[in-house]
Every structure is written in structure tokens, then in C-alpha cells.
Amino acid sequence: MAGIFGFFGGAADKASKPAYSFETLQHLCTRLQSIVQEEQSNRENREEILVEVIRQITEALIWGEQNGHEPNFFDFFCEKNILADFVRILGLDRISKGVKLQLLQTLSMLIQNIRRDTSLYYLFSNNYVNQLIATQFDWGDEEILSYYISFLKSLALRLNAETITFFFNERLEQFPLYIEAIRFFGHRDQMVRTAIRNLTLQVYNVKDESMQRFVLKRSWRTYFVHLACHLRELWFKLDAARERCAAGGSENDRRALQEVNEQQNDLLMYISDVLSMEEVALREALAERVLQY
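Residues numbered from 1 in each chain as written. Predicted model: local features only at pLDDT ≥ 70, side-chain atom pairs only at ≥ 80, totals over all residues. Heavy atoms only, no water.

A. The overall build of the chain, seen in detail. When you go through the chain residue by residue, the secondary structure sums to 15 helices and zero strands. The 293 residues of the chain split such that 45% are buried. Look at the contacts in the chain between residues 6 or more apart in sequence, and 69% of them connect residues 24 or more apart. Of the roughly 15,000 Å² that the chain leaves accessible, carbon and sulfur atoms contribute 48%. (Helix = DSSP H or I, 4+ residues; strand = E, 2+ residues; numbered from the N terminus. Buried < 20%, exposed > 50% of the residue type's maximum accessible area, 1.4 Å probe, protein only. Contact = heavy atoms within 4.5 Å. Areas by Shrake-Rupley, 256 points an atom, 1.4 Å probe, with all protein chains shown as cover.)

B. Up close: the packing of aromatic side chains. This structure, assessed with the given rule, holds 23 aromatic pairs. Taken together, a centroid distance of 6.3 Å and an interplanar angle of 85° make the contact between F77 and Y122 edge-to-face. Note that F77 is positioned in helix α4 (residues 70-79) and Y122 in helix α7 (residues 117-124), a separation of 45 residues in sequence. Summarising the burial analysis for this pair, F77 and Y122 share the class buried. Ring geometry for F175 and Y178: centres 6.0 Å apart, planes at 25°, overall stacked. No difference in accessibility class separates F175 from Y178, as the two residues are buried. An aromatic cluster is present here, built from F168, F175, Y178, F185, Y204, F214, Y223 and F224 joined pairwise through their rings. The ring of W220 has R289 sitting right over it, with the charged end atom 3.8 Å from the ring centre. (Phe/Tyr/Trp six-rings, centres within 6.5 Å; stacked < 30°, edge-to-face > 60°. Lys NZ or Arg CZ within 6 Å of the ring centre and 35° of its normal.)

C. Representation of the nonpolar core. Formed by 93 residues in total, the largest nonpolar core has its most connected members in F77, I89, Y148, F151, F175 and Y204. Sorting elements by how many residues they give to this core places helix α13 (residues 209-246) first, with ten residues. Setting aside chain neighbours within four positions, we find F77 in contact with I57, L61, I82, L83, F86, L110, Y122 and L123. (Core = buried A, V, L, I, M, F, W, Y, C linked by side-chain atoms within 4.5 Å.)

D. Region of interest: the side chain of D208. Along the chain, D208 turns up in the loop between α12 (190-204) and α13. Only 2.8 Å separates the side chain of D208 from the side chain of S210, close enough to count as a polar contact. There is a polar contact of 2.9 Å between the side chain of D208 and the backbone nitrogen of M211. (Polar contact = N/O pair within 3.5 Å; in protein donor to acceptor, adjacent residues only side chain to side chain.)

E. Structural detail: the packing of helix α9 (residues 142-156) against α12. α12 packs onto α9 with a crossing angle of 20° between their chain directions and a minimal axis gap of 10 Å. In terms of orientation, α9 and α12 fall into the roughly parallel class. As α9 packs across α12, the resulting crossing turns out to be left-handed. For the pair α9 and α12, contact is made by L145, I149, L152, K153 and A156 and by V192, A195, I196, L199 and Q202, respectively. Residue composition of the contact of α9 with α12, grouped by class: eight nonpolar, one polar and one charged. (Axes fitted to C-alpha atoms, helices over the stretch in contact; angles between N-to-C directions. Parallel < 35°, antiparallel > 145°, perpendicular 65-115°, else oblique. Left-handed = near helix turned anticlockwise from the far one by under 90°. Nonpolar A, V, L, I, M, F, W, Y, C, P; charged D, E, K, R; others polar.)

F. Summary view of the pattern of salt bridges. Under the definition given, this model contains 15 salt bridges. Notably, a salt bridge pairs R213 with E170, separated by 3.8 Å at the nearest N-O pair. In this pair, R213 is assigned in helix α13 and E170 in the loop between α10 (164-167) and α11 (176-182), connecting sequence segments 43 residues apart. Given the relative accessible area of 47%, E170 is considered partly exposed. One connected set of salt bridges, linked through shared partners, spans E52, R55 and E59. (Salt bridge = Lys/Arg side-chain N within 4 Å of Asp/Glu carboxyl O.)

G. A look at the side chain of S119. Its place among the elements puts S119 in helix α7. When near neighbours in sequence (up to four residues on either side) are disregarded, S119 contacts E65, F74 and I114.

H. Seen up close, the packing of helix α5 (residues 82-90) against helix α6 (residues 97-113). Put simply, α5 and α6 touch, their axes get as near as 10 Å, and they point 150° apart. By the angle between their directions, the pair α5 and α6 is classed as roughly antiparallel. Crossing of α5 against α6: the hand is left-handed. Seen from α5, the contacting residues are L83, F86, I89 and L90; seen from α6, they are V99, K100, L103, T106 and L107. For the contact of α5 with α6, the per-class residue count stands at seven nonpolar, one polar and one charged.

None of this, on its own, says anything about what the molecule does.
Dropping the structure here:
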């Protein structure tokens, strides 16, 4: 696929030139913008090329970071507003799953590998990342959900008292990273549940009073209620599973008992983590909801 862009020559060229040059990145970004502006004809071929261009832009930017070229490479990425193109691509009619996966992977990799604070702040500015967080994908597609959760995890790892301002809008009372994440708190996939619970703990640890007030209010109204009800439901299931096993249940009954027991243990450990945090009001709100429901 790389050959269609004419970026790489033979072995002699590879030996004398870097894997990615600044000119290569310029060409890739220009190609990306031209693809976005093309008509919808020949969609399959266009989207195959689009995935490859996005992938190579990602590799070029990370290569620049790792080889000391990040100012030129990433400054050009910012100058051409390529992140806005990524958001625009996700908004195209009937965009393919492959393109969505590549964009989510690209953003996760960039967030994880960027070293300069100024570059990171650019990624988080202009509300582009929040738009991507709020994008409604096909949550029934496990692969898309997996990439999306990885994207959220990469963002959560960058949360601190400085970066929280890019995610939380106090005036509008909007915090999509937290609000969109907690919808998956009880997902059937253990890895998804674990990722979301770790994300919330990272949010709770950020020292920002206005954000903490928002999280406390929203969690007390909905999230902690759902947690408490979910715990109660797990206990009902646990009792029913134990009764079936005590009555000489099948192997499936024993597996079901083990699974629900592991789920309630994981949830209790998470609740214990929240109750061990410094934020007194948050601890009290969760305790109140668990006791109430």
C-alpha cells in the first residue's frame, strides 16, 4: 500500500534517508485533506487509502517524537489542523468501521507518545477530543468498543490539574470523558469494567474544586445509584446461584456462581477504593447510596 504514495524507494534510498522525512509528512497531510474533499464515488477504494494515510501520519508523528524532530513534525500537524480533519472524517456519511478503528488507534497512540506539553495541549484544545469522546459508535461492535475504551484510557492517564480544563467545562457543566465513560460501568466484559472503574478513580484524584463539585453532584444523582443497584442485583444473583448449587446444580450453575461471585468481589473492591479516597464528600455520597439502595 505504501507504494501508491511514492514515498519509499529502494534499499539504497532507505539507507540514506530517514524512515519519515518532513516532506513525507507534508505529502501525507495534503493527501489526507484531498481524500476528505473527494466525492463519495469509489468509496471502498477511497477508504482503504484513507486508513493507510492516517496510519502513516501517525507513524510519522511518533517517529518524529522519538527521533528529536517533534517541533517540526507536530507543529506542521497543528498548522494544517489535521486533528479537525480527523473529527470531520468521523462525521462523514457511512464511514467504514476500518476508518473508525484507525482514527481511534491513531489518537490513542498520539496521546500516549507525545512528549511536549505544548503538543499535548494542542491535541486537547478546540474541543476536538471532547467531540470524539461524545461520538456515538456502534457499541454492540466489540472491536469498536475495545478501541474506544483504549482511547478513553489514554486520555485518563493524562489527566491532572492542568489538563482537566480541556475536558471539563464549568460554565456549561459538561464533562464528556467522565459522563460517557460511566455508561459502561456494568458492561459484561470484565476488561471494559476494569478500565472504566480505573478511569473514574483517576478523575476523583484530580485536584480541581469545580470539577469535583460537578462529579459529586452527577455521581450522587445517577452513577452511585446505579452502582448500588448493580451491587444489590449481583447479591440477588449470588444467592440464587448458591441455592441452585446447593440443590445439586449442574456444571453451568457452578460456573455461574463463580462468575457472579467474582463480579461482586471486583465491585466491592472498587467501592472500597472510592471509600478510601481523600475526598470526604465523595466517600459519604457513595456510602449513602449503597446503604439506601
